[in-house]
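In case you want the letters, here they are:
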Amino acid sequence: MTKQPEYQISTSHNEGILEIVITGDVESPAVADAIHNEVLATLKTAEAKALLVDVRLLKGRMDFGDTYLRVRKTPHTRGLLGTAVVDTNQHAKFHSFHQTVASNYGFNTRWFTGIDEARAWLKSLETSEPG
């Protein structure tokens, strides 16, 4: 019997924004690693100016230490203007920490509870780009 994956990732493109929806359960570090690696692989092949990650239906979150280390290990993707993460208010402290760590390492990341606000912010980055 084949074990079912503990998560699902779906991707789509919306006006230059790569949108990734992650569902399932991220309670184990091995699953968090698999998700992180799959998202990075998707970014390498995607032609997108911005990234929107929707984790509202994802169960569990990494702890603060794992989040810090994962951000440090994330390569900067050339040409990516910003990353918007959409989640519920239940995880506000986690995303505040993640946003701060990401900013300290040069990533333009913001957390939102609404997908429309996230898309609007990403589009505003494109229009405010110099030059």
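This report concerns the structure included in the present document. (Residues numbered from 1 in each chain as written. Predicted model: local features only at pLDDT ≥ 70, side-chain atom pairs only at ≥ 80, totals over all residues. Heavy atoms only, no water.)

**So, the nonpolar core**
Using the following cut-off: The set of buried Ala, Val, Leu, Ile, Met, Phe, Trp, Tyr and Cys residues whose side-chain atoms join them within 4.5 Å is what this entry labels a nonpolar core. Summary of the burial criterion: residues with accessible area below 20% of their type's maximum are buried, those above 50% are exposed, and those between are partly exposed, where the area comes from a 1.4 Å probe applied to protein chains only. Put simply, DSSP H or I for four residues or longer makes a helix, DSSP E for two residues or longer makes a strand, and each gets a number counted from the N terminus. Residues are treated as being in contact if the distance between any of their heavy atoms lies within 4.5 Å.
The biggest cluster of nonpolar side chains holds 16 residues, and the ones touching the most others in it are I22 and I35. At the level of secondary structure, the elements contributing two or more residues to this core comprise strand 2 (17-25), helix 1 (29-45) and strand 3 (50-54). It is helix 1 that provides the largest number of residues to this core, a total of six residues. With residues up to four places along the chain from it excluded, the contact list for I22 reads Q8, I9, I35, V39, V53, D54, V55, L57 and L58. If you look at the next biggest cluster of nonpolar residues, it comprises eleven residues, including I17, A84, V86 and L125.

**Observations concerning the pairing of strand 3**
Under the convention used in this document: When DSSP finds at least two bridges between two strands, those strands are taken to pair. For crossovers, right-handed means that the path from the first strand over the helix to the second runs clockwise, given strands pointing away from the viewer.
Within strand 3, five of the five residues are buried, leaving the element largely enclosed by the surrounding structure. Of the two faces of strand 3, the one carrying A50, L52 and D54 and the one carrying L51 and V53 are both buried. Bridging between strand 2 and strand 3 involves five bridges; their strand directions are parallel. Across the sheet, residue V21 finds its bridge partner in strand 3, namely D54. Of the crossover connections in this fold, the one passing from strand 2 over helix 1 to the parallel strand 3 is right-handed.

**A closer look at the side chain of T74**
The condition is simple: Polar contacts here mean pairs of N or O atoms no more than 3.5 Å apart (in protein, one a potential hydrogen donor and the other a potential acceptor; neighbouring residues in sequence count only if both atoms are side-chain atoms).
Assignment of secondary structure puts T74 in the loop between helix 2 (64-73) and strand 5 (83-86). Within the structure, the side chain of T74 is placed 3.1 Å from the side chain of H36, a separation counted as a polar contact. Residues contacting T74, with those up to four places away along its chain left out, are H36, L40 and F107.

**Quick look at helix 1**
An α-helical segment advances 3.6 residues per turn. Residues three or four places apart therefore align on the same side. Note the following rule: To estimate how far a helix should reach, multiply one less than its number of residues by 1.5 Å. In this description, the arc belongs to the directions extending from the helix axis to the C-beta atoms.
Here helix 1 is 17 residues long and its end C-alpha atoms lie 25 Å apart, about the 24 Å a rise of 1.5 Å per residue gives. Three or more residues of helix 1 are buried, namely V31, A32, I35, H36, V39, L40, T42 and L43. Angularly, the buried residues of helix 1 cover 165° about the axis, an arc narrow enough to put them on a single face. Among the exposed residues of helix 1, those oriented more than 90 degrees off its buried face are A30, K44 and T45. Where helix 1 is buried, its residues meet strand 1 (7-14), strand 2, strand 3 and helix 2.

**Some points on helix 2**
Among all positions of helix 2, only T67, R70 and V71 are buried. All buried residues of helix 2 project into a common sector of 100° when viewed along the axis, lining one side. For helix 2, the elements touching its buried residues are helix 1 and helix 3 (92-104).

**Quick notes on the packing of aromatic side chains**
Basically, it comes down to this: A pair of Phe, Tyr and Trp rings is counted when the ring centres sit within 6.5 Å of each other, with Trp represented by its six-membered ring. The angle between the planes then sorts it: under 30 degrees is stacked, over 60 is edge-to-face, the rest tilted.
Using the criterion set out here, one finds two aromatic pairs in the structure. Their ring planes at 70° and their centres at 6.1 Å tell us that Y68 and Y105 sit as a pair that is edge-to-face. Of this pair, Y68 sits in helix 2 while Y105 sits in the loop between helix 3 and strand 6 (109-112), and the two are 37 residues apart along the sequence. Its relative accessible area of 31% is what places Y105 among the partly exposed residues. For the ring pair F112 and W121, a centre distance of 5.7 Å and an interplane angle of 45° mean the geometry is tilted. The two residues F112 and W121 agree in class, both being buried.

Any link to function would need more than the numbers given here.
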